[in-house]
Amino acid sequence: MSSRVLSSRLFSRVRSKISTAMRLPALRMQNMLEIARKEDQKAISEKRDISPVPYVAAAAAAAPIVTGFPAQVLAVTPPLFYFYLQTSGIATCSKIKEAGTTGDFSPAQFVSLYTNGTVWVIYGALAQDMTVLIPNATAVGFGLYYTSVFAKYHPESMMKWYAGSAAIIAGSAAAATLPNGLDIVGWTGCAMAVILLSSPLAVVGKVMKDKSTAALPFGPSLAGFLNASTWAAYGSLVAMDPYIYAPNGLGMAACAIQLSLFGIYGFPPSASAEAAKPVEEAAEPEKPEEKPKA
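Fair warning: this is a prediction, and the values are worked out from it, not measured in the lab.

Draft legend 1. The arrangement of the overall build of the protein chain in detail. Along its length, the protein chain carries 13 helices and zero strands. Taken from the N to the C terminus, the helices and strands of the protein chain come in the order α-α-α-α-α-α-α-α-α-α-α-α-α. Here the protein chain holds 294 residues, and the buried ones make up 38% of them. Of the contacts made within the protein chain by residues no fewer than 6 positions apart, 76% connect residues no fewer than 24 positions apart. On the protein chain, roughly 16200 Å² of surface is accessible, and the fraction owed to carbon and sulfur atoms is 64%.

Draft legend 2. Spatial organisation of the side chain of asparagine 227. Within the secondary structure, asparagine 227 sits in helix H11 (residues 218–237). Residue classification places asparagine 227 among the buried positions, given a relative accessible area of 3%. A distance of 3.4 Å separates a polar atom in the side chain of asparagine 227 from the backbone nitrogen of tyrosine 82. Filtering out sequence-adjacent residues up to four positions away, asparagine 227 remains in contact with Pro78, Phe81, Tyr82, Leu85, Leu197 and Asn248.

Draft legend 3. Geometry of helix H4 (residues 68–87). The terminal C-alpha atoms of H4, which comprises 20 residues, lie 30 Å apart, in line with the 28 Å expected from a rise of 1.5 Å per residue. Tucked into the core, H4 has its buried residues touching helix H5 (89–99), helix H6 (108–127), helix H7 (130–153), helix H9 (181–198) and H11.

Draft legend 4. A look at H9. Along its 18 residues, H9 runs 26 Å from first to last C-alpha, staying within 8% of the 26 Å computed at 1.5 Å per residue. Listing the buried residues of H9 in full gives Gly181, Leu182, Val185, Gly186, Gly189, Cys190, Met192, Ala193, Leu196, Leu197 and Ser198.

Draft legend 5. Here's a closer look at the pattern of salt bridges. Inspection of every chain in the model, using the stated rule, returns one salt bridge. Here aspartate 210 makes a salt bridge to lysine 206, at a shortest N to O gap of 2.8 Å. Pair noted here: aspartate 210 and lysine 206 are both in helix H10 (residues 204–210), with a separation of four residues, about one helical turn. Residue classification places aspartate 210 among the partly exposed residues on the basis of a relative accessible area of 40%. Overall, the relative accessible area of 33% leaves lysine 206 in the partly exposed class.

Conventions adopted
- The written sequence of each chain sets the order in which its residues are numbered from 1.
- In keeping with the model being predicted, local features are shown solely for residues with a pLDDT of at least 70 and side-chain atom pairs are shown and tallied solely at 80 or more, while totals for entire chains, interfaces and linings include all residues.
- In computing side-chain values, all of the structure's heavy atoms are included and hydrogens and water are not.
- Under the scheme used here, helices are H or I runs from DSSP no shorter than 4 residues and strands are E runs no shorter than 2 residues, and both carry numbers assigned from the N terminus.
- Throughout, exposure labels follow a simple rule: accessible area from a 1.4 Å probe, protein chains only, divided by the maximum for the residue type, with under 20% read as buried, over 50% as exposed, and the rest as partly exposed.
- Note on contacts: a residue pair qualifies if any of its non-hydrogen atoms lie within 4.5 Å across the two residues.
- Each accessible area is a Shrake-Rupley estimate made with a 1.4 Å probe; only the visible protein chains count as cover when residues are assessed.
- Whenever two N or O atoms come within 3.5 Å, that pair is a polar contact, provided that in protein one can donate a hydrogen and the other can accept it, and provided that, for residues adjacent in sequence, both atoms are side-chain atoms.
- A helix is expected to span 1.5 Å for every residue after the first.
- One side-chain nitrogen of Lys or Arg within 4 Å of one carboxyl oxygen of Asp or Glu is enough to make a salt bridge.

If you want it as structure tokens, here you go:
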């Protein structure tokens, strides 16, 4: 049997085995094994023996570090914490509705939630990774709802935020049709993930100036840290996907900074506690002035 036939069969066998066993995006596996096949073709043209090293290297690079039950846990945990991150905005929206104004809250965390979710839905579809696609589909719904609530009580126009979001989403959708669309959408998703997880830092200047975390929502900060840390673990140990673990690693650091501010300045007093203070002060009887003794 000729070396060319052996090479072709080996290529087909390795591609099938790795794609199925590792459950990695088919497009990325195709690129990795194409390099190995080119090395084989070069060896044939130079009348050299075909080496299995490129295929072994491709398999080693693609092989997840964690497999079995731990891998299944890591595949389920990130979406759960991401859902927690998505629902953490409910408390913030309730505060906005109660106050009748957005106050010092920034629209960045809400607009970036649905924008980030849409970009990663596109990436998940291209990569055929349902662990990425499904939780980001729900993020789009939550993000649109939060943004609509924020816009209702925000005194300024939101058009610049809408325009920026639409441009990113349209660009990602257009890039998805290109041969290297997976990489382009992946890089866009990386940037959006970092923006989403670090969006509460938009008010860090005010927090440090006022020495108060009143403008920094604790729920989204904690949820962001748990979300980023689990996605970083999934991306680095199971999916072996730098587009997942790189931005979430940065996001985890950003969320750690946010949480450290609560350690430095403490938690702000609740609205009910603040409202009760004047009542308590008014209820306290005034002490009668002592008359000087004759």
